[in-house]
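# Breakdown of the fold
The lines below spell out each chain.
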Amino acid sequence: MHGLLDLPWWGYIVATLALTQVTILAVTVFLHRCQAHRAVELHPAVSHFFRIWLWLTTGMITKEWASIHRKHHAKVETLDDPHSPQIQGIWRILFRGTEYYKKESRDMETLERYGQGTPDDWMERNVYSHSKLGIVIMILVDILLFGPIGITIWAIQMAWIPFFAAGVVNGVAHYVGYRNFECQDASRNISPLGIFIGGEELHNNHHTFGTSAKFSVKWWEFDMGWLVIRTLQFFGLAKPKRTPPRAHMAAGKATVDVDTLKAVLTNRFQVMAQYSRKVIVPVLREERRRAGQAGSAMLQRVRTLLVREASLVDSSGQKRLANVLERHRSLEVVYQFRLKLQNIWAKSAATQTELLEALQEWCRQAEATGINALRDFVNQLKAYVPGKA
C-alpha cells in the first residue's frame, strides 16, 4: 500500500532527511538568526514559508522560541539559563531538553521581557499559535504522500528538533568540542562542518559573535545556514546585517594610537586567540623543553588552563595552574599579561583616552619583559587598524 509517492526503500530515507533538513534550516535561519538575533532580514515570502513549515513540523511558536533563546544568551550558564548543561547536567539537557523548553515557555515574564519584535499578525494569533493543528495536518500529509510509512516519517520529523536542537545544540554544544574563542560561557564547536544541524554545530563561534548571521569563522569551517542565506541574498530574498569582524593590519604601522585601540576592541576575541597561539603556546613549548620529561608532562596538562577564560576554570584547575605558574616565571609573566590585556576592555566606564593610555602602558610593560614572543605580539598589535565599514 503506497501513498501518492511510490518510492524505493532508499527514497523514503532521502525524503525523510530532506524534510528534516528543511526544518533544521527553518530553525537556524528564521527562528535563530532572523528572529532571535536580528542578524539577517528575510523577504516576507521566505519568512512566511518558514513560519508555515515550522508550524507543520514542530508546532513551535516564534515568540516562545526567540524569547527563550534570548534569555539563554542573557543568563548563559547561570541558574536562570533555561537550558544549561553546566547547571542542569548534560544528560538532562540532551534527553529532556524539550521539557526545559516547555517549562520556560510557560513563564509569561520571559515572553514579555525577551519576546519583543516577533511576529504578532493575524496568522500568528489565529493559526500558528494553534500548534497541535499544524502537527495533525503534517501527519495527514505524510500519510497521503507516503502511505503507512508516512507515520514513521512523521514521527522522525517530530523527534528531530527536540533531540538535535533542544538536546544536542543546547546540551552537547555547551559541553564537548573545540573553542576558537574564549567567550565567558562554556560553548563549544561540535564540528567544523556545520552541515547536519544547519551550522548550529559552530556554537562557540555563535556565542562569541551572537549577532552575526554567519557562524563559520575559520577558512576550514562550513556553515550550511550561511550558504542558504547567501543563496537567498543572491535572489534578493535576504539581507545579512552583521558578520564576524575581521582584523586588518597596516604594514609599517609601529605606534599604538586610537585606530589601534578601536581595532583591538572590535577584534578582542581574535586578539586573545592570537595571544594564546603566538605568546602562551610558544612560551609553554620552551618551558617544556627545559623542564625534562616529568616536568614537560605536567606543563602539557595545564595547557588548556593557560588559555581558558579564567571565569570557567574551577577551583581544582586554579590550584593546578597556580602551582605550575609558581615554578615557571616566564609562563607566570605571559599569563598575567593575558589577564591584564583582557582587563583593558573590561573597563566599561573608562573613556577612550583612558583605554588608549592603558593599552599603550600594557605594550610598554610587555616589551620591557624581554620575552621575545611577547615583544613580537606587541609589534603585531601596533599594526591593527579598523576595517572598512
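Above this note sits the structure.
Turning next to the overall build of the chain. For the chain, the helix and strand inventory stands at 18 helices and six strands. The principal-axis extent of the C-alpha atoms belonging to the chain is close to 80 × 50 × 40 Å. Within the chain, buried positions represent 50% of all 389 residues. Sequence separation of 24 or more characterises 71% of the internal contacts of the chain that already satisfy a separation of 6 or more. Taken as a whole, the chain presents about 19,500 Å² of accessible surface, with 59% of it coming from carbon and sulfur. Looking at the chain, you have 47 positive and 34 negative side-chain charges, and the mean spots of the two groups are 5 Å apart.

The N-to-C vectors of helix 13 (residues 268-301) and helix 16 (residues 329-345) enclose an angle of 165°; their axes lie 9 Å apart at closest approach. Our classification of the angle between helix 13 and helix 16 gives roughly antiparallel. Note on packing geometry: the crossing formed by helix 13 with helix 16 is left-handed. Facing Arg268, Val271, Met272, Tyr275, Ser276, Val279, Ile280, Val283, Leu284, Glu287 and Leu299 of helix 13, the residues of helix 16 in contact are Ser330, Leu331, Val334, Tyr335, Phe337, Arg338, Leu341, Gln342 and Trp345.

Across all of its chains, the model carries 19 aromatic pairs by this definition. On the basis of an interplanar angle of 35° and a centroid distance of 6.4 Å, the ring pair of Phe95 and Phe163 is categorised as tilted. Pair noted here: Phe95 is in helix 5 (residues 90-105) and Phe163 is in helix 9 (residues 149-169), with a separation of 68 residues, a long-range link. Assessed through its relative accessible area of 33%, Phe163 is described here as partly exposed. Each residue in the set Trp91, Phe95, Trp160, Phe163, Phe164 and Phe196 is aromatic and connected to the rest through ring pairs, giving one cluster. The aromatic ring of Phe337 is capped on one face by Lys340, whose charged end is 4.8 Å from the ring centroid.

Next up on the list: the packing of helix 17 (residues 352-368) against helix 18 (residues 372-382). Contact pair helix 17 / helix 18: the axes reach a minimum separation of 8 Å and the direction vectors enclose 150°. The angle between helix 17 and helix 18 falls in the class roughly antiparallel. As helix 17 packs across helix 18, the resulting crossing turns out to be left-handed. Between helix 17 and helix 18, the residues in contact are Leu359, Trp362, Cys363, Ala366 and Glu367 and Leu374, Phe377, Val378, Asn379, Leu381 and Lys382, respectively.

Right, let's get into the nonpolar core. Considering soluble globular proteins, one finds that nonpolar side chains tend to be buried as a cluster. Ranked by internal contacts, the top residues of the largest apolar core, which has 42 residues, are Tyr275 and Trp362. For Trp362, the contacting residues outside a window of four places in its chain are Tyr275, Phe337, Lys340, Leu341, Ile344, Leu374, Phe377, Val378 and Leu381. If you look at the next biggest cluster of nonpolar residues, it comprises 40 residues, including Val27, Leu31, Val46 and Phe50.

Moving on: the pattern of salt bridges. Counted according to the given criterion, the structure contains 16 salt bridges. With its nearest N and O atoms 2.9 Å apart, the salt bridge here joins Arg364 to Glu361. Note that Arg364 and Glu361 are positioned in helix 17 at a spacing of three residues, about one turn of the helix. Here Arg364 falls in the partly exposed class, since its relative accessible area comes to 48%. A salt bridge links Arg375 to Asp376; its shortest N-O distance comes to 3.4 Å.

Here we take up the side chain of Asp223. Along the chain, the position of Asp223 falls in strand 3 (residues 222-223). Judged by its relative accessible area of 3%, Asp223 is buried. From its side chain, Asp223 meets the backbone nitrogen of Phe215 in a polar contact 2.9 Å long. If sequence neighbours within four positions are ignored, Asp223 has contacts with Arg33, Gly194, Gly198, Gly199, Leu202, Ala213, Lys214, Phe215 and Ser216.

Rules and cut-offs
- Residues numbered from 1 in each chain as written.
- Predicted model: local features only at pLDDT ≥ 70, side-chain atom pairs only at ≥ 80, totals over all residues.
- Heavy atoms only, no water.
- Helix = DSSP H or I, 4+ residues; strand = E, 2+ residues; numbered from the N terminus.
- Buried < 20%, exposed > 50% of the residue type's maximum accessible area, 1.4 Å probe, protein only.
- Contact = heavy atoms within 4.5 Å.
- Areas by Shrake-Rupley, 256 points an atom, 1.4 Å probe, with all protein chains shown as cover.
- Lys, Arg positive; Asp, Glu negative; His and termini not counted.
- Charge placed at Lys NZ, Arg CZ, Asp CG, Glu CD.
- Axes fitted to C-alpha atoms, helices over the stretch in contact; angles between N-to-C directions.
- Parallel < 35°, antiparallel > 145°, perpendicular 65-115°, else oblique.
- Left-handed = near helix turned anticlockwise from the far one by under 90°.
- Phe/Tyr/Trp six-rings, centres within 6.5 Å; stacked < 30°, edge-to-face > 60°.
- Lys NZ or Arg CZ within 6 Å of the ring centre and 35° of its normal.
- Core = buried A, V, L, I, M, F, W, Y, C linked by side-chain atoms within 4.5 Å.
- Salt bridge = Lys/Arg side-chain N within 4 Å of Asp/Glu carboxyl O.
- Polar contact = N/O pair within 3.5 Å; in protein donor to acceptor, adjacent residues only side chain to side chain.

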